[in-house]
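Analysis of the macromolecular model
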Amino acid sequence: MTPSMLVLLLSACVVPSPQLTGLPTSGAALVGNEWVAVQIAGIAALAEPVPRLRWSSAEQISGSGGCNAFAGRAVVNQGALQVGRLAATGRLCVVLPQGGQEDRFFKVLESAHTVRLVDGQLVLQDAAGQTLARFAKK
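The notes below deal with the structure included here.

The subject of this paragraph is the overall build of the chain. The secondary structure content of the chain amounts to two helices and eight strands. Across the 138 residues of the chain, 34% fall into the buried class. Of the contacts formed within the chain by residues at least 6 apart in sequence, a portion of 48% connects residues at least 24 apart. Counting only carbon and sulfur atoms, one obtains 59% of the accessible surface of the chain, whose full area is about 8000 Å².

Trans peptide bonds make up the majority, and among non-glycine residues the majority have a negative phi. Cis geometry marks the peptide bond from E48 to P49; its omega dihedral reads -5 degrees. Positionally, P49 belongs in the loop between β1 (34-40) and β2 (52-57). A positive phi is found at A41, a non-glycine position, where the angle reads about 50 degrees. If you check the backbone angles, D119 has positive phi at about 50 degrees while not being a glycine. Relative accessible area serves as the criterion here: at 71%, D119 is assigned to the exposed category.

This paragraph deals with the pairing of strand β7 (residues 121-125). Along β7, four of the five residues are buried, which leaves the element largely enclosed by surrounding structure. The pairing of strand β6 (residues 114-118) with β7 spans five bridges and is antiparallel. Within β7, the residue paired with V115 across the bridge is L124. From the end of β6 to the start of β7, which pair antiparallel, there are two residues, and D119 there has a positive phi angle of about 50 degrees.

Here we come to the environment of L86. When you line up the elements, L86 lands in strand β5 (residues 80-88). For L86, a relative accessible area of 22% puts it in the partly exposed group. Separated by 24 residues in the primary sequence, L86 and S62 have C-alpha atoms spaced 8.9 Å apart. Not counting chain neighbours up to four residues away, the residues in contact with L86 comprise I61, F70, A71, G72, F106 and L109.

Tallied over the full model, the rule gives two salt bridges. Taking the shortest distance from any N to any O, the salt bridge between K138 and E34 comes out at 3.8 Å. With K138 in the segment after β8 (131-137) and E34 in strand β1, the pair connects residues that are 104 residues apart, well separated along the chain. Under the relative-accessibility criterion, K138 is labelled exposed at 64%.

In this fold, H113 is placed in the loop between α2 (101-111) and β6. Judged by relative accessible area, H113 falls into the partly exposed class, the value being 43%. Apart from residues no more than four positions distant in its own chain, H113 is found in contact with G79, A80, L81, Q125, D126 and A127.

Criteria and thresholds
- Residues numbered from 1 in each chain as written.
- Predicted model: local features only at pLDDT ≥ 70, side-chain atom pairs only at ≥ 80, totals over all residues.
- Heavy atoms only, no water.
- Helix = DSSP H or I, 4+ residues; strand = E, 2+ residues; numbered from the N terminus.
- Buried < 20%, exposed > 50% of the residue type's maximum accessible area, 1.4 Å probe, protein only.
- Contact = heavy atoms within 4.5 Å.
- Areas by Shrake-Rupley, 256 points an atom, 1.4 Å probe, with all protein chains shown as cover.
- Pairing = 2+ DSSP bridges.
- Salt bridge = Lys/Arg side-chain N within 4 Å of Asp/Glu carboxyl O.

Here it is in structure tokens:
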């Protein structure tokens with residue numbers, strides 16, 4: 001067997017990696033990963049602690065806005081995202097001069113219509129396709 005035939009044979013046995021680009025078909029495709037915000041509403045310099053997001057089940061999200069923990073319903077269908085009412089803890093948090101990182105994060109979640117996986121990042125977009133937030137896998 002030639003080396004090139006061996007490479008061809010072995011490459012046929014490689015298991016494809018999880019989807020890192022495109023539209024998730026459902027929330028189940030996102031379960032098990034924690035996503036850390038790297039950009040919210042056009043602002044990339046985020047203050048610690050940064051907001052976090054995770055699908056705890058196919059239709060449930062949870063995480064932290066940086067100060068308050070939250071949970072709620074989020075349905076993904078072929079990339080379309082529908083976030084329901086979120087329940088959050090009521091801790092008093094320091095508000096940044098820009099209106100508050102956590103406030104921006106929760107507004108982004110409320111207005112997101114699409115979720116995409118782009119170059120290994122989770123991207124939330126509005127109805128017009130504008131990027132609202134980017135998250136890196138933790």
